[in-house]
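Remarks on the overall topology
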Amino acid sequence: MTFALEVSNNGRYSKLADGMSIKKVVQNDSGEYTCKAFQISATGSSFEEKTIRLNIKHKPYLPPRKPSVTDAYGYVGGMVNLTCEATAEPPANFSWSANNKKLTPKSHIIYNGRHVSMLQIMIKTSSIFGKYKCEAKNELGTVTQEIHLKEGTKPDPPSLVSAGGTGPSRTATLQRDIFLLLRPPYAGVQFQLRGVNSDTLDIDVGATKSHDIPPDPTTVIGYRFELMPTDEYLKSRSWDRASRRDFDVADGATYLLVQLIPDTKYLIRVAARNAAGLSDWTEVKEFSTHPLQPHGTSGSSGPFAHAKPTDVCFKFVWFLAVALPAALSITHHRFADLTKARF
């Protein structure tokens, strides 16, 4: 029986009679190792392989280039999510505290994953701002991260007017404000539906990216779009089941929403985002996606563009049976007349 060793041999790996030895183990040695064994004889051969998953235990550590002390922003009346990440094997247990007081899931909203924990805070008063501490601990060690929650400002909703927006939308006929009870009391054009297809929508919100260094926490850094079919909204009068799309700010960019349902009426609204959170929502607008076009007919033009298949077939047969022979006959007579004229 022969064993195959297919790892880079830098002196740390050696083959044993029943496996493999790794010296000076590091975390990067984690992963899957496959042992392949084969036997060849005069009467035949056999082959087997086995894959072994190697997990290297280690204490928790923060993501690369992640400082142990960070800042977060929020505003009174808003909500903020504080996130703590720590990679560990076995996975770490996370705990949160503020002002030396432990925060528990009974009194706070805490979501825990394999290597991440998120503390969700409703900022009811300014007393909520301050220092929060996250601790990640396993049997091999502990790591902590401190987050300073500071008071920021709520961003204004998107506005094409303040951003020097463009003229009327090319698809203005597809737009109309609906449900006046949903329309907030903001003046001016907040966003425009620039173009719509069967499954895409292009939107202009007057995006302007700031190049301040360090970045100003009040600066808009992104936008959130929520949309849902009109029929679904009318059933519940709620946005809870709306599709949510988040984008970062880019200078002069329009935003393309994809994977929409063809031939469907949608409602859409937009909110701006800065370091402290989301703005109020814009007015609600309605648009309709286009129906799907049959394959091969998109953008077609010419005399047969709107003809039925049976009409096209009949015209083609008529062309072969009548028009083409007549054309060939005319060409023949003209060629004969031309020959007589020369000779």
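Since the model is a prediction, treat every value here as computed from it, not as a measurement. Positions within a chain are numbered from 1, following the residues in the order the chain's sequence is written. Per-residue local features of the predicted model are confined to residues with pLDDT of at least 70, and side-chain atom pairs are confined, for both listing and counting, to 80 or more; whole-chain, interface and lining totals are unaffected and use all residues. Working from all heavy atoms in the structure, the side-chain values ignore hydrogens and water.

Attention now goes to the overall build of the protein chain. Helix and strand definitions here come from DSSP, where helices need a minimum of 4 consecutive H or I residues and strands a minimum of 2 consecutive E residues; each element is numbered from the N-terminal end. When helices and strands are counted, the protein chain shows 2 helices and 24 strands. Whether two residues are in contact is decided by their heavy atoms, any of which lying within 4.5 Å being enough. Taking contacts inside the protein chain between residues at least 6 apart in sequence as the whole, the part at least 24 apart equals 65%. Only the protein chains shown count as cover for residues, and the accessible areas themselves come from Shrake-Rupley with a 1.4 Å probe. Total accessible area on the protein chain stands at roughly 22,500 Å², and carbon and sulfur atoms take up 55% of it.

Another aspect to go through is the sheet that holds strand S13 (residues 116-122). The 3 strands lie next to each other as S8-S13-S12, forming an open sheet whose pairing is antiparallel. The open sheet has two free edges, formed respectively by strand S8 (79-85) and strand S12 (109-112), since each of these has just one partner strand. Across this sheet, the average inter-strand angle for adjacent strands is 15°, counted without regard to direction. When DSSP finds at least two bridges between two strands, those strands are taken to pair. When S12 meets S13, the two strands line up antiparallel, connected through 4 bridges. By the bridge assignment, Ile109 is partnered in S13 with Gln120. Only the stretch in contact is used when a helix axis is fitted, and all axes are lines through C-alpha atoms; the angle between N-to-C directions ranges over 0 to 180 degrees.

With that settled, consider the packing of aromatic side chains. Side-chain rings of Phe, Tyr and Trp (the six-membered ring for Trp) are treated as a pair once their centres are within 6.5 Å; stacked means planes under 30 degrees apart, edge-to-face means over 60, and tilted covers the remaining angles. Throughout the structure, instances matching the rule amount to 6 aromatic pairs. What links up through ring pairs into an aromatic cluster is the set Tyr223, Phe225, Phe247 and Tyr255. Over a ring means this: the NZ of a Lys or the CZ of an Arg is within 6 Å of the ring centre and within 35 degrees of the ring normal. One Lys or Arg, Arg269, reaches over the ring of Trp281 and ends 4.2 Å from the middle of that ring. The ring of Phe191 carries Lys285 above its face, with NZ or CZ at 4.8 Å from the centroid.

This part takes up the sheet that holds strand S17 (residues 192-196). Spatially, the 3 strands line up as an open sheet ordered S17-S18-S21, and their pairing is antiparallel. The sheet is open, and its two borders are formed by S17 and strand S21 (255-257), each paired with just one other strand. Each neighbouring strand pair of the sheet contributes to a mean axis angle of 30°, computed without reference to strand direction. As paired elements, S17 and strand S18 (residues 201-204) share 4 bridges and run antiparallel to each other. When the sheet's bridge partners are listed, Leu193 is paired in S18 with Ile203.

Right, let's get into the environment of Cys35. Relative to the assigned elements, Cys35 resides in strand S4 (residues 31-41). Relative accessible area decides the class of each residue, using a 1.4 Å probe on protein chains only: under 20% of the type maximum gives buried, over 50% gives exposed, and in between gives partly exposed. Taking the relative accessible area as the measure of exposure, Cys35 reaches 30% and is therefore partly exposed. Expressed as a C-alpha distance, the spacing of Cys35 and Ile52, which sit 17 residues apart in the sequence, is 8.0 Å.

What follows is about the pattern of salt bridges. One speaks of a salt bridge when a side-chain nitrogen belonging to Lys or Arg is within 4 Å of a carboxyl oxygen belonging to Asp or Glu. One pass over the structure, following the stated rule, counts 10 salt bridges. Note that Glu226 is salt-bridged to Arg269, the shortest N-O span being 2.9 Å. With Glu226 in strand S19 (residues 222-229) and Arg269 in strand S22 (residues 265-274), this residue pair connects regions lying 43 residues apart in the sequence. Residue classification places Arg269 among the buried residues on the basis of a relative accessible area of 14%. Here Glu283 makes a salt bridge to Lys285, at a shortest N to O gap of 3.9 Å. Per residue, the accessibility class of Glu283 equals that of Lys285, and both read buried. Each of Glu226, Arg244 and Arg269 takes part in a single network of salt bridges with overlapping partners.

Relative to the elements of secondary structure, Thr144 occurs in strand S15 (residues 141-151). Counting along the chain gives 10 residues from Thr144 to Cys134, while the straight-line C-alpha distance between them is 5.6 Å. Thr144 has contacts with Leu62, Ser68, Lys133, Cys134 and Glu135, leaving out every residue within four places of it along the chain.

The rule for a disulfide is simple: a pair of cysteine sulfur atoms within 2.5 Å. Following the criterion strictly, the structure yields 1 disulfide and no others. Residue pairing for Cys84: its cysteine sulfur links by disulfide to Cys134, the two sulfurs lying 2.2 Å apart. As the torsion about the S-S bond is roughly -80°, the Cys84-Cys134 disulfide counts as left-handed. With Cys84 in strand S8 and Cys134 in strand S14 (residues 130-138), this pair connects stretches of sequence that are 50 residues apart. Exposure remark for Cys84: the relative accessible area of 2% places this residue in the buried category. Cys134 sits in the buried class, given a relative accessible area of 1%.

Another aspect to go through is the side chain of Thr230. Take Thr230: it is sitting in helix H1 (residues 230-236). Those residues within four positions of Thr230 in sequence are excluded, and the remaining contacts are Lys265, Tyr266, Leu267 and Glu286.

Another point: the nonpolar core. Nonpolar cores are built from buried Ala, Val, Leu, Ile, Met, Phe, Trp, Tyr and Cys residues. Side-chain atoms within 4.5 Å join them into one set. Counting residues in each nonpolar core, the largest one holds 23 residues, and the members touching the most others are Leu82, Trp96, Leu119, Ile121, Tyr132 and Leu149. Mapped by element, the contributors of at least two residues to this core are S8, strand S10 (93-98), S13, S14 and S15. Sequence-distant contacts of Leu149, that is, excluding residues within four places in its chain, are made with Ala72, Tyr73, Gly74, Val80, Leu82, Ile121, Ile128, Phe129, Gly130 and Tyr132.

A separate point is the pairing of S15. Regular strands show a simple pattern: their side chains alternate between the two faces of the sheet. Taken together, the 6 bridges between strand S7 (residues 69-74) and S15 define a ladder with parallel strand orientation. Paired with Thr70 across the bridge in S15 is Ile147. One ladder, built from 9 bridges, connects S14 with S15; its direction is antiparallel. Its bridge partner lying in S15, Glu135 is registered against Thr144. Connecting the antiparallel pair S14 and S15 is a turn made up of 2 residues.

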